[in-house]
Amino acid sequence: LTTPADYDALHQIDDGRSAARYRDLKRLAGERWPTSLGSVLEVGCGTGLLTRALARGDDATDLTVTDISLPMLRATRGHLDRAGLLSGTPVSFATHAGTEPVFRDSAFDTCVGTSVLPQQVNVRGLLANTFRGLKPGGRA
């Protein structure tokens, strides 16, 4: 098993890389990227590569950050805390594999996740659960 610190080092995760990933996602999504993210569900946060940029920006009204690994969630929370990002956009943390229907239907405006599908055994279940959690007109 990889520790969160090993994961950060292996993938060179830092604030600059976080901002670059966010810019890349927006660029690749093009016109499909919403003008406001609203209430955001992040599936598979890892150690917070994308979470940092989401919490830093003003596009999200609130974040629900999930990962199947409690140590990864703790690492994400620690990174956000050290960067002073827990006092702005409200952030909730939950252990979640992505396929369990633990959130209410139509709860989120946007769902994001990076590097999640290759780790997922039940891709169909993940996608079905993701779209169930989106509000009408929501984006994933």
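The structure presented is a predicted model; accordingly, all values stated were derived computationally and were not measured.

Some words on the side chain of Thr 66
Part 1 of the reasoning: Residue placement: Thr 66 occurs in strand 2 (residues 60-67).
Part 2 of the reasoning: Among the polar contacts made by the side chain of Thr 66, one reaches the main-chain carbonyl oxygen of Glu 42 at a distance of 2.9 Å.
Part 3 of the reasoning: When sequence neighbours within four positions are dropped, the list of residues in contact with Thr 66 reads Leu 41, Glu 42, Val 43, Gly 44, Cys 45, Leu 73, Ala 94, His 96 and Phe 103.

Some thoughts on the nonpolar core
Part 1 of the reasoning: With 18 residues, the main nonpolar core has Tyr 22, Leu 37, Val 40, Leu 54, Leu 63 and Val 65 as its most contacted residues.
Part 2 of the reasoning: When residues of this core are traced back to their parent elements, those giving at least two are helix 2 (15-29), helix 3 (49-56), strand 2 and helix 4 (70-82).
Part 3 of the reasoning: The element best represented in this core is helix 3, accounting for 4 residues.

As for the packing of aromatic side chains
Part 1 of the reasoning: Scanning the entire structure with this criterion turns up 2 aromatic pairs.
Part 2 of the reasoning: Consider the rings of Tyr 22 and Trp 33, whose centres lie 5.7 Å apart with planes at 85 degrees: the pair is edge-to-face. Linking Tyr 22 in helix 2 with Trp 33 in the loop between helix 2 and strand 1 (38-42), this pair joins segments that are 11 residues apart in sequence.
Part 3 of the reasoning: Given a relative accessible area of 12%, Tyr 22 falls into the buried group.
Part 4 of the reasoning: Its relative accessible area of 16% is what places Trp 33 among the buried residues.
Part 5 of the reasoning: On the basis of an interplanar angle of 85 degrees and a centroid distance of 5.4 Å, the ring pair of Phe 103 and Phe 108 is categorised as edge-to-face. Residues Phe 103 and Phe 108 agree in their burial class; the two are buried.

What about the pairing of strand 2?
Part 1 of the reasoning: Within strand 2, 6 of the 8 residues are buried, which leaves the element mostly enclosed by the surrounding structure.
Part 2 of the reasoning: In terms of handedness, the path from strand 1 via helix 3 over to strand 2 forms a crossover that is right-handed.
Part 3 of the reasoning: With 5 bridges connecting them, strand 2 and strand 3 (residues 91-95) associate as parallel partners. Counterpart to Asp 67 in the pairing with strand 3 is Thr 95.

A few points about helix 5 (residues 123-133)
A turn of α-helix holds 3.6 residues, and therefore any two residues three or four places apart point the same way.
Part 1 of the reasoning: Here helix 5 has its buried residues at Gly 125, Leu 126, Asn 129, Thr 130 and Gly 133. Around the axis of helix 5, the buried residues are gathered within 130 degrees of arc, so they sit on the same side. Facing away from the buried side of helix 5, by more than 90 degrees, are the exposed residues Arg 124 and Phe 131.

Examining helix 4
Part 1 of the reasoning: Under the 1.5 Å per step criterion, the end-to-end length of helix 4 is 18 Å for 13 residues, consistent within 8% with the ideal 18 Å.
Part 2 of the reasoning: Buried residues of helix 4: Met 72, Leu 73, Ala 75, Thr 76, Gly 78, His 79 and Leu 80, and no others.

A few points about the packing of helix 2 against helix 3
When two helices pack together, their arrangement is given by the angle between the helix axes and the distance between those axes.
Part 1 of the reasoning: Packing of helix 2 against helix 3 leaves a shortest axis separation of 8 Å and a crossing angle of 80 degrees. What the angle tells us is that helix 2 and helix 3 run roughly perpendicular. Residues Asp 15, Arg 17, Ser 18, Arg 21, Tyr 22 and Leu 25 of helix 2 form the contact with helix 3, whose participating residues are Leu 49, Leu 50, Arg 52, Ala 53, Leu 54 and Arg 56.
Part 2 of the reasoning: Across the contact of helix 2 with helix 3, the residue classes break down as 6 nonpolar, 1 polar and 5 charged.

What counts, and where the lines are drawn
- Residues numbered from 1 in each chain as written.
- Predicted model: local features only at pLDDT ≥ 70, side-chain atom pairs only at ≥ 80, totals over all residues.
- Heavy atoms only, no water.
- Helix = DSSP H or I, 4+ residues; strand = E, 2+ residues; numbered from the N terminus.
- Polar contact = N/O pair within 3.5 Å; in protein donor to acceptor, adjacent residues only side chain to side chain.
- Contact = heavy atoms within 4.5 Å.
- Core = buried A, V, L, I, M, F, W, Y, C linked by side-chain atoms within 4.5 Å.
- Buried < 20%, exposed > 50% of the residue type's maximum accessible area, 1.4 Å probe, protein only.
- Phe/Tyr/Trp six-rings, centres within 6.5 Å; stacked < 30°, edge-to-face > 60°.
- Right-handed = clockwise from strand over helix to strand, strands pointing away.
- Pairing = 2+ DSSP bridges.
- Arc of directions from axis to C-beta.
- Expected span 1.5 Å × (residues − 1).
- Axes fitted to C-alpha atoms, helices over the stretch in contact; angles between N-to-C directions.
- Parallel < 35°, antiparallel > 145°, perpendicular 65-115°, else oblique.
- Nonpolar A, V, L, I, M, F, W, Y, C, P; charged D, E, K, R; others polar.

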